[in-house]
Amino acid sequence: MHIAPKYIQAIKNGEVVAFPTETVYGLGADAWNSEAIAKVFATKGRPSDNPLIVHISDFDQVNNFAAEVSEAAQLLIEEFWPGPLTLVFKKKPEVLDIVTSGLSTVAIRMPSNEIALGLISKTCPLVAPSANKSGAPSPTKASHIKADFGSSVLVIDGGSTQVGLESTVLDISGDQPMILRPGVIGKGQLEKVLNQTVLIDDKSSEKPKSPGQKYSHYKPKADVKWLGSEDEFEDTSSLFLLLNTEIKQQNIINYSQDFEKLARELYDRFRQADIDGYQKVIIEPFDERYSSSVIPALLNRIEKATSI
Ligand code: TXA
Ligand code: MG
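What the ten strands build is an open sheet, ordered E7-E1-E2-E6-E3-E5-E4-E8-E9-E10; its pairing is mixed. If you trace the sheet from one side to the other, it starts and ends with strand E7 (154-155) and strand E10 (199-200), each paired once. Note: strand E4 (residues 85-90) against strand E5 (residues 105-109), four bridges, orientation antiparallel. Across the sheet, lysine 90 pairs through a bridge with threonine 105, a residue of E5.

A word on helix H1 (residues 5-12). Inspection of H1 places Tyr7, Ile8, Ala10 and Ile11 among the buried residues, and these make up the whole buried set. Across the axial projection of H1, the buried residues extend over an arc of 160°, all falling on one side. Summarising the geometry of H1, the exposed residues directed more than 90 degrees from the buried face are Pro5, Lys6 and Lys12. The first or second residue beyond H1 is glycine 14, which carries a positive phi of 85°.

Right, let's get into the nonpolar core. Residues Leu76, Trp81, Phe89 and Ile108 are the most contacted members of the largest nonpolar core, which totals 45 residues. Elements supplying a minimum of two residues to this core: strand E2 (26-30), helix H2 (34-44), helix H3 (71-80), E4, E5, helix H6 (142-149) and helix H7 (187-194). Excluding residues that lie within four positions of it along the chain, tryptophan 81 makes contacts with Ile56, Phe59, Val62, Leu76, Leu87, Phe89, Ile108, Arg109 and Met110.

Here we come to the domain arrangement of the protein chain. Here the protein chain is described as being made up of domain 1 (5-200) and domain 2 (223-305). Counting from both sides, the interface comprises 23 residues of domain 1 and, opposite them, 14 residues of domain 2. Taking both sides of the interface into account, the surface hidden between domain 1 and domain 2 amounts to around 1400 Å²; carbon and sulfur atoms contribute 55%. It is Pro137, Leu165 and Pro182 in domain 1 that bury the most area against domain 2; as a group they hold 40% of the surface buried on that side. For the interface between domain 1 and domain 2, the tally reads three salt bridges. Of the charged contacts in the structure, one is a salt bridge between glutamate 166 and arginine 301, with a shortest N-O distance of 2.8 Å. The interface formed by domain 1 and domain 2 contains ten residue pairs in polar contact (both at pLDDT 80 or more). Examining the composition of the side of domain 1 that touches domain 2, we find that three residues originate from one element, H6, more than from any other.

Sheet strands line up and pair through hydrogen bonds in the backbone, either parallel or antiparallel. Spatially, E11-E14-E12-E13 is the arrangement adopted by the four strands of the open sheet, whose pairing is parallel. Of all strands in the sheet, those with a lone pairing partner are strand E11 (223-226) and strand E13 (252-254), marking the two edges. Going across the sheet, the axis of each strand differs from the next one's by a mean of 20°, ignoring polarity. Summarising the sheet, strand E12 (residues 238-242) and E13 pair through three bridges and their orientation is parallel. Across the sheet, leucine 241 pairs through a bridge with isoleucine 253, a residue of E13. Helix H8 (residues 259-275) rests against E11, E12, E13 and strand E14 (280-283) of the sheet, and its axis sits at about 175° to E12. Relative to the sheet, helix H9 (residues 295-306) contacts E11 and E14, its axis offset from that of E11 by approximately 120°.

Reading the values: rules and limits
Residues numbered from 1 in each chain as written. Chains lettered and ligands numbered in written order. Predicted model: local features only at pLDDT ≥ 70, side-chain atom pairs only at ≥ 80, totals over all residues. Heavy atoms only, no water. Pairing = 2+ DSSP bridges. Helix = DSSP H or I, 4+ residues; strand = E, 2+ residues; numbered from the N terminus. Buried < 20%, exposed > 50% of the residue type's maximum accessible area, 1.4 Å probe, protein only. Arc of directions from axis to C-beta. Core = buried A, V, L, I, M, F, W, Y, C linked by side-chain atoms within 4.5 Å. Contact = heavy atoms within 4.5 Å. Domains from an automatic or database assignment. Buried area = accessible area lost by both parts, 1.4 Å probe. Salt bridge = Lys/Arg side-chain N within 4 Å of Asp/Glu carboxyl O. Polar contact = N/O pair within 3.5 Å; in protein donor to acceptor, adjacent residues only side chain to side chain. Axes fitted to C-alpha atoms, helices over the stretch in contact; angles between N-to-C directions.

Right, dumping it as structure tokens:
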């Protein structure tokens, strides 16, 4: 994939560059340059105790950051990389504290997006949080980044991202693998590859293991709510996202159980709802009885948006 020289040069100069991944856009900086990484935190307004994911383009690069790649890790890497799975390893001592917020672990993933892989392979491993202002929904289009940062951030426009929700974060640094953030790669798929039970971080615990999970996320200015009764459809100041019921109305979008499509579009709907002046985004409840592997991740993001 050809990457324009100005983006490559910007990373080499210690600047930040936003780029597409298959999940959401990331705000990239050289993973070995603490000043460049400080700009990522400053640009986003991100709390310094929320660590970053290192993005690699070459399998060998994992060894520059992870202290050890276990057999289990190897199985996961072979199955899911490049792709939307972030693995948390015990870190090498030389990994910068600003990357890991001083934790003894480091999160790593190899994205599958060709632009992301091209940029990393022409530069170096990149830290890349989602390229939104802290607290705003993650960007799934270049225009979302412009909305948050104006033209102050260089953006490589790769169109809409394919998955639309952030990667699954799986901690394999302890005795038992644990999902810290659900994503499109689900517990069942991970267990099948590992032949072992995968735990899910108890979100109610006071000290979440994935520090980012304690911050408010994913929320538009409009209130996000679950649909209570069909009487609510009369409310023209709300945008409705329906999964089962099908109704034709200007402020209703029908997903007809296409959960992958809702995942792809959710953050764009949130952002567009604010632009269109809706007071609320009301979503028809659904649960894990449907067989889509993206449902736990969707429920996680929507629950977070409704709980603020
Ligand atoms: O799909 C994604 O993962 C996107 C794209 C750009 O790759 N990136 C992303 O980054 O969502 P960010 O920074 O918005 O979220 C990273 C999450 C946070 O919840 C953070 O706390 C967690 O990963 N994390 C990072 N390093 C960690 C570590 N060492 N231990 C536990 N959690 C970690
Ligand atoms: Mg984020």
